[in-house]
Every structure is written in C-alpha cells, then in structure tokens.
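Tertiary structure, described
For reference, the chains in residue letters:
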Amino acid sequence: MLRLLPKNLINQISAGEVVERPASVVKELVENSLDAGATSIHIIIRDGGKSYISITDNGKGLCKDDLHLAVQRHATSKLPNDDLFDINTMGFRGEALPSIASVSRFTLTSKQDTSSEAWQLTINGGTQEEIIPATLQQGTRIEVKDLFYNTPARLKFLKADTTEQTHILDIIRRLSQSFIKVDFSLSDDKRSLFTTKGQQTHGQQPHTLQDQDQDPIFADQELMLARLSQTIGKDFPENSLPIYHKSDDIFIKGFISIPTYNRKDSRQQFFYVNNRPMKDKQLFGAVRRAYRGYIYHDRFPILAIFIEVNNRNVDMNVHPAKTEVRFRYQQQIQSALVSAIRHTLAQSTFEVSTTVNAQAISMLEKEEPQSQSYSQSQSYSQHLSPKASLITRNHFEPMQVNANEFNLVNPDTGEVLPPTSQPTSQGTSESESESELTRESYPLGMAKAQLHKTYIISQTSESIIITDQHSAHERITYETLKDNMAKNQIKGQLLLVPDVVQLLEEELALILKQAKKLEQLGLVIEKFSHNSLLVRQTPALLGEVDSQGLIADLLSGLTEWGDCDILQEKLSAVVHRMACHGSVRAGKILNIEEMNNLLRTMENTPKSAQCIHGRPTYVKLELKQIEKLFGR
Amino acid sequence: MKFTVKQADLLKATSHVQSIVERKTTVPILSNVKMTVSDGKLILHATDMEIELAETIDVEVEEEGTATTPAHTLYEIVKKLPSSEDIEFTLTENQIDLKAGRSRFSLSILASDEFPVLKQNEYTGSFEIDTESVSYLINKSRFAISTEETRYYLNGIYMHASDNDTEDNKVLRVVATDGHRLARVEVELPEGAENLQGIIVPRKTVHEIFKLSENFEGNIKISFNETLIKFEMGSITITSKLIDGSFPDYQRVIPKNNNKLLELEAVSFAKSVDRVSTVSLDRSRAIKLEIQDNQLTLVANSVSNNQAEEDMEVTWENGEEFSIGFNGKYLLDIINQIEDETVQITFGQSTEPAILRDVSDDSLLYVLMPMRV
C-alpha cells in the first residue's frame, strides 16, 4: 500500500542529506547568520557539538510570525525571484532548519531588528511547542541539543569528540576566510578554540613579501591577509604572494604560498566560489598544473583563492552540502586560475620559505628546537601537521656546524686551506675593498667556502646562505634543457606497425579531443573503430613505448585533471634524468669562481629556489637571527 | 656419489650452466645445478623454468648418485682452480666436498628430487641445420628484438618456413622487430623444417644459442612443437619454452613500392652517422638525411643546442631533393649488419618506412621507420 510519508519522517530523511554530523549543523546555521547580515557570530559547542551547539549572531533577526515558517520545509527568504540560477545567498534550499529541528532538541530565539521583543520557539525531535517571549538583545540565537537523539543509527556513526570538533573548526575557519569583515568565535565550556581578531583590532600589519610601499593589488588585500594569518598560520603572510585576475566574467583574488612553503596534502588549499567554500577537484587540478615544475608532485602549496563569477554562470545546486560547483565555462575558469598563479610565481624567482630558514635556525638552538618556528596559532596545530614539518627538517639533519669540518678555499688558488685559518669575520670583510661590498649586494651573496664538498656558504651584508650545489645546479641544467626542448620541435618516432589500443567509447571521444595537443608532444593517435584507436607515432625521447599503458595513464589524467600533463611529465622526467647526470654532484670540490658563478646563475634562473623535487636549494640564515642565538 | 673430473671439462660445462641460472631468484633451488653421475658420465642440469640446459661430460666414476649445489659458486671455484688439476667430488650427508690439489671446498646441497624439470611433450617436427646458419640467422636479427615487456610477442625472434621473395626457393626465415625497425634474415630451408609454421623463440634463448654456437662445429638438431623448442648440439641440449603469442603479419609492413634508390658506402656511412650523432645526448639521437644530386648531408642537433653536419658522395638515381629523419642508433645497428661495401636504401615518402639491404646478400632485409624531425 502506497502512502505519503509523515512530514516528520520526510524531514528526517532530508536531515540525512544535509545534517551529517555536528559540523554540518554549524555550517548551515552560520551560513544563515551570514545571510542575515551578521557581523559577529559566536559559537559554543560541548562534546564536539554532540550534546550542545549554540550559535548567536547580531543579524537582522526574525519576527514572531516568521518563527513558525522558518522551521517549515522549503520555507526560505532567500530566493526572492524564485530563480534557482540567481543565488546570492549562502543558503537557498530551505531545508536546514526543519532538518536540524527534526533530529535534535532545537530552540530558536530571535529578535527582529525593527522590533523590541524577542521570541522563542522550541522543537523536540520535530514536535513544535508554543512560541514564548524571551530575552535577547539582538539577532538570533539557535541552540541544538542532543543531536541525533532520536536517530540512534546516525548517532552511532559520529566519531570521537575531538574529531567532530576538528570538523567544526575546519568549517568555521573556511567561512571566516571568506567573510573577512565578520568576527567569529568558537569555544567549548572550558576555553576558546578559535577567535578572529576583528578588523578594528588588527592594527598590527603583517609582514609580507611585498615591499612596504607597494600598493595592494586588490581591495581588502591586507584585511584578507590578516585573516589568513589567523587561520592558516602566522608565517603564511611572509611566505605568500597575492594573485589577481580580472576579465569580463571572472574575477580571481587570493594568496598562494611560495613553492618551498608546502605541505604533504592539499588540506591547506582553500577555494571559494562567490564566497562559498568549495572542495572542487577541477580547481585542485588547476593548482597542481600551475605549480608544475615548481613543486614535486607529492607536495602541495598552501593557498586561499576566491573566485567570483556571475551567478548565471555557475550552478551551486549540485550537492546538498554545496561543496561542489558546476561552472558554465569550466575551461576558462581553470585557465584563468592557472595563468593568475603562474604570473605571480614567475615574478618570485628565488625565495625560500622563511619556515625553512627558521627551522634551520632552530636546529642550531640547543633547547626546544621546534618551539620557535611552530608556536603560532596553537589551536590549529593539528593542521600544521608536525609530521610534515619533521619531513622538511630531515633535509637539514646533516647540517651541523663544526669548525673542524670547514673546508676553506683560497679564492686565488682554489686550494683547500687547513681549518686553522678561520672564516673571515664581519669585521675583516668591512675592511675589504669597495668592490667586495657592492658584490655582497647580490641576493645570494659572495661564496666564502664549501663544506662537505656539497654545501656552498656565501655571505650577504645581512645573512649567511647555505646552498646545496647539486640540487641548485640540477635546476639550472634542467631549465636550460627544457628551454631548448621547447625551442626545438619534439621528435616523434613513427611505428612500423601502429599499436591498436582498446578502450571505452567515451574514453575514445575524450582522448581524441586532445589529438592535436598530443601531436605537438610527439604522440600521434587516430580513431580506428568505435572502441579502439591507433597509435602511429610516439615521442622519440621515451624510446620503446608501451602504448596501451601510456594511453591508460593519459586517460586517467584526463578524467582526473582534464589535461594531458601526464605525457608532458613523462617527457620532463627524461629531461630531468639528463639534467641530473649533467649536473655537478655532491662531493665535487668547487673553487670560489665556480661557486660564485653558480650563485649568479641561480639568481637569473626561474624557480632556482627549489630543486626539481620541490625541496629548497638554499637556506638563508639572517644575521639578526644568528645574533639572537648568541644572545646579542 | 663420488667422481673425479678434469678442471677444463668442468669449467666449460659450468660456464654454460651459470649463464642459464639466474643470479637472483626467489626459488632457492633454481640457483643450483643438478649433477647426476652414472655410466661413466656426469650430466649437469640447469634451468630458470623457461630454458633448460643439460650437458654431459666424461668423468671417472667411483660411486653413482645425484646432488644439487649452487651453480655460480661452483663455477667461480672451478674457474679459479689450476687447469692441470683434477677435481674430486664426494657427496656426504649434508654437503658436497671438492678436492683439487691442496684446495678443499664444501658446498651446500638441496634435495635433488625437488629440482624442477620442463614438462616435455612430443615434438612434432625436427631438422638438422649447420651451426653457421643458426649463428648467421641470430646474429643478423637479434638487435631488433623488442625489450618492451608489455609486447611480449615481440620479445623474441619469429622463425618459420617460407617462400623467398621471388618464390623460386624455400627458405627458413627469421624475423625480429621492436615496432621501430624490423630485421628479416633467411637461409635455405633445411630438410625436415617444411612444417615449421611459425614459432617465437625468446630473447634469452636466442642469446644463449648464439653463445654456444660460437664454440660448436657440426650440425645442430632442432626439434619443435607448439610450446617447446629443443636444440641438440653434441653433448649439450637446450630446451626452451616458446613465446605463446601471435607475431604480427610482418610482410604487410615491408613496403612494396619504395622506388627512390640510394646507394652508398657502408663503412664511411656508419662512421659519419656515428660522428654526427655525437652531439645528440638524448635517447632519440635524431639524424636528418638530406639528399640532392648525388650528395647526402647528415644533420644532427640536440636539446643542448649542439649541431653537426657532414656531407658524403652517394648514388641517387632519382635526382630529386629528398629528406628524411631517423634515429641514429637504429641506423647504425642496421648498417653494422651489412658486410658488403655498399648498402642500398630505398625510400617511399619521408613518413614511410625505408628498406635497407646488402647489395651482395639478398637474404638480408631491414625495414626502418623514420622519425619526424
């Protein structure tokens, strides 16, 4: 027998889609507050939000009559024109409140800004009670108690309190990054978990890579950076660069990290489309593509990118939680993003992350080597992945300064001097000739010595720089080879018998669209039947090619990222091997001229701050920091 | 088991054995050689599960028996013993003891009955062929065998009975290709090989047979069925699995209408190719051939911005300007097979395969696919 489900059950089913865990409640309610024009939102949770969530805002509030309606399914104030394709608010489905109310003990208290009275509505597991007068100064407060108390199955699937709390933190952080003019605070019974300092209090300007006197390239740039330094980390501003792109339909702004400031996963990559947080794999792909050649494939830059497009060109209604998006002009968005990032990266030829430098300094400190560099934003220490930092630190483990191991090289003869003659102190260098001083204005300074036949020590007026000779030279050789390869046409070896590759019809269509691009890379394919293609020519650099495997790799790249980068990467890998063989090894003694020449070439080579694997090629120890080590 | 053997005899046999036995294997007994003593003979067995070698040598038997012991260690020991010494083997409960002059060794053993044996099924045909022919067939074609393991059916030489091009003679033909170049070599069809339909002999077997044929005189008896091939060379028998796959229709890729004939001096051509390809470090080794008015210009350049050019006199009947690119290494591999002073190359279009031949030896034919440069 067919029957219509009772309303309450419908709401519970809907809750299954929208309300997955305490974090989704927080997300829906905070978004409501934002839509109500709140400038200050306070969230209190208990037990990871399982037993209690309260959200208080200073938005415009609801009048008594609207309270009932607010908890009706598909009741919303947010689609004024009944147009799903013109969504200017965070919410629009009208599902959140009834869904949440159906699976919890729910209290809504609100005072409309034009009214002098506040009213309160309580719903227990979907059963509404009488609206009663209440006291509230301003805005709306929603309390959600005992989430999922009436849906035990769902309750069972909740994770530990700390896990749920992490999810809530993540949501708040994401939202606070896009609503930089709104103050957020999150606390549990005992302590504050997250607070943004409002725009009034952010008087202290964060240090940035940009010159002080340089104008911001987009409005609210400093405000945004101040907020990002609170959410991502204090060291983000000094290791990030602003990006900006504006065309008729697309506006992109945000901050991206310099390549050596990276993580082992993409959790620190934040995307916003029309201010809404997104986890869109096309966007992740575009970032990966933009950073290709700057970062090794298993490392991820940190960034926050805000994309604005006309609402008509984007469909937000793909996923109930609205974390995916469909663009009308997918390709244009991706290429605009890639070119915006590339443009910015191209201007920063050689900067090594200050965290790398700070780590190097902290390695030299005897006590609490880690405390210095990672003390910031305590509440987010889990996102700063101590493991990742350990991995980076490992690269520097051999770096122990031991005077006995200094190989001092005589600048005139190239001879290695015995360690008894100490390196030139600041004092003597001052007395050296005028030309020496001007030469120290080179960004990477003048080479002074080579340690362990691997590391070049150079000196600028304000710092000591340690350069890894092999990885630095490898990058230089690689860039030269790649340049030349781009100038010459990529050569293709024709096949005696074309390889037949079987694939699915839709795969065939997908890859044939790329045929032109692939031909430029030396791979010639053509349609053979409805489910197979012929490989007529393969890139000569790859030698004997497993066509079936190559096409399969290309297809997975195409479906995953929408591009043919896999082939490009395979070719780059060959060039990379050639570069590796053609570079000076660790263990080769260099004389001063050779060292200086390497440093000067690095200054003029793009991407020379990181080796081909994305690791830093040099570490800069600021004199100021060294002086601190000695308590000066 | 107890016997005495001459160092020289055992050295020759163990050197054949160690070449079959893989140095690294997950099955311990595969790194051993099996020794069986009976009737005044020692038979050595070695296998990698694909190829099996059995070699018989004369020994002085005191007590018959069988044992397996590490093949490479045995070979190294025998190699270092003075050639004048006789070696005495004695099997004890846990080991084999070797005595030669003042040296004594003890080697570990593994149970002989666990030593794997290739499953033999009945051979459907067999023929005798002289060693020089086998060595010629292999030597002229093996460079073109593919090493790309996903195309396993190209990882060997294709052998079959066929008509020759003019169809006036029956030949035994061997073909090898890696998809970029193809080698086709033939000898007169030996009696008994008429029903050889087409088998693929794996690369390792091909190389082993070639090595053995260098020190062997007389006829080789080859037996075959659908899955196995057996080579009997005097006291040595090699049995190998065949590659189970179908070789592509090679005749189809040999162009029929290449009409632009280039004749040039093989040795100086090879030297020129070698010289100009010095500048290209990468694997593609692209070389461009530009031909006009009986002059050939070889051009090579590389990603490192190096360039090389060299001219040489050639016979170019066509007279028209023509240019084509090749992988220099492939070109060299082929020219090195040509023994006559003159090599003949016939071209079609610059994106079509070229045919290379030895003027005085029409049993050799090579096809080379150009590169787009």
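I will try to describe carefully the structure that is included in this document. (Residues numbered from 1 in each chain as written. Chains lettered and ligands numbered in written order. Predicted model: local features only at pLDDT ≥ 70, side-chain atom pairs only at ≥ 80, totals over all residues. Heavy atoms only, no water.)

Let's shift gears to the sheet that holds strand 16 (residues 303-309) of chain A. Residue and element names in this part refer to chain A. The sheet built from five strands is open, its strands ordered 10-11-16-13-14 with mixed pairing. Of all strands in the sheet, those bounded by a partner on one side alone are strand 10 (240-246) and strand 14 (276-278). Adjacent strand axes in the sheet meet at a mean angle of 20 degrees when their direction is disregarded. Where strand 13 (residues 269-273) lies against strand 14, three bridges are found, and the strand directions are antiparallel. Considered in strand 14, the bridge of Tyr 272 is made with Pro 277. Packing against the sheet, helix 9 (residues 330-347) makes contact with strand 10, strand 11 (250-257), strand 13 and strand 16, and its axis sits at approximately 45 degrees to strand 11. (Pairing = 2+ DSSP bridges. Helix = DSSP H or I, 4+ residues; strand = E, 2+ residues; numbered from the N terminus. Axes fitted to C-alpha atoms, helices over the stretch in contact; angles between N-to-C directions. Contact = heavy atoms within 4.5 Å.)

Counting from both sides, the interface comprises 28 residues of chain A and, opposite them, 31 residues of chain B. A buried area of about 2,500 Å², summed over both sides, lies between chain A and chain B, and 54% of it is on carbon and sulfur atoms. Where chain A packs against chain B, one counts two salt bridges. Where chain A packs against chain B, one counts ten residue pairs in polar contact (both at pLDDT 80 or more). Of all the elements in the fold, those that place two or more residues in the side of chain A that touches chain B are helix 14 (469-487), strand 24 (492-502), strand 26 (532-539) and helix 18 (565-581) of chain A. With seven residues, the top contributor of residues to the side of chain A that touches chain B is strand 24 of chain A. When the residues that make up the side of chain A that touches chain B are grouped by side-chain class, the tally is 13 nonpolar, eight polar and seven charged. Where strand 24 of chain A lies against strand 27 (residues 371-372) of chain B, two bridges are found, and the strand directions are antiparallel. (Buried area = accessible area lost by both parts, 1.4 Å probe. Salt bridge = Lys/Arg side-chain N within 4 Å of Asp/Glu carboxyl O. Polar contact = N/O pair within 3.5 Å; in protein donor to acceptor, adjacent residues only side chain to side chain. Nonpolar A, V, L, I, M, F, W, Y, C, P; charged D, E, K, R; others polar.)

Before going further, it helps to examine the pattern of salt bridges. All names here are of chain B. Taken as a whole and assessed by the stated rule, the structure comprises 35 salt bridges over all chains. Asp 163 is the partner of Lys 170 in a salt bridge, and the nearest nitrogen-oxygen pair spans 3.1 Å. The class for Lys 170 is partly exposed, based on a relative accessible area of 49%. Three or more residues joined by partner-sharing salt bridges are found here, namely Asp 165, Arg 173, Arg 184 and Glu 186. (Buried < 20%, exposed > 50% of the residue type's maximum accessible area, 1.4 Å probe, protein only.)

Residue and element names in this part refer to chain A. Scanning all chains against the criterion turns up 16 aromatic pairs over all chains. Between Phe 218 and Tyr 244 the ring centres are 6.4 Å apart and the planes differ by 10 degrees, which places this aromatic pair in the stacked class. In this pair, Phe 218 is assigned in the loop between strand 9 (192-195) and helix 7 (221-231) and Tyr 244 in strand 10, connecting sequence segments 26 residues apart. With relative accessibility at 5%, the residue Phe 218 sits in the buried group. A residue is classified by how much of its surface remains accessible, and Tyr 244, at 35% relative accessible area, is partly exposed. An aromatic cluster is built from Phe 218, Tyr 244, Phe 251 and Phe 255, whose rings are joined through pairwise contacts. The ring of Tyr 52 is capped by Arg 46, whose NZ or CZ atom sits 4.2 Å from the centre of that ring. Over the face of the ring belonging to Phe 251 we find Lys 246, whose NZ or CZ atom lies 5.0 Å from the ring centre. (Phe/Tyr/Trp six-rings, centres within 6.5 Å; stacked < 30°, edge-to-face > 60°. Lys NZ or Arg CZ within 6 Å of the ring centre and 35° of its normal.)

With that settled, the discussion passes to the sheet that holds strand 10 (residues 125-130) of chain B. Residues and elements named next belong to chain B. Ordered in space as 6-2-3-4-17-16-15-10, the eight strands form an open sheet in which the pairing is antiparallel. The open sheet terminates on both sides in strands that have one partner only, identified here as strand 6 (65-70) and strand 10. Between one strand and the next, the sheet's axes are offset by a mean angle of 15 degrees, whatever the strand orientation. Sheet topology note: the strand 15 (residues 219-224)/strand 16 (residues 228-233) ladder contains four bridges and is antiparallel. Opposite Ile 222, over in strand 16, you have Phe 231 as the bridge partner.

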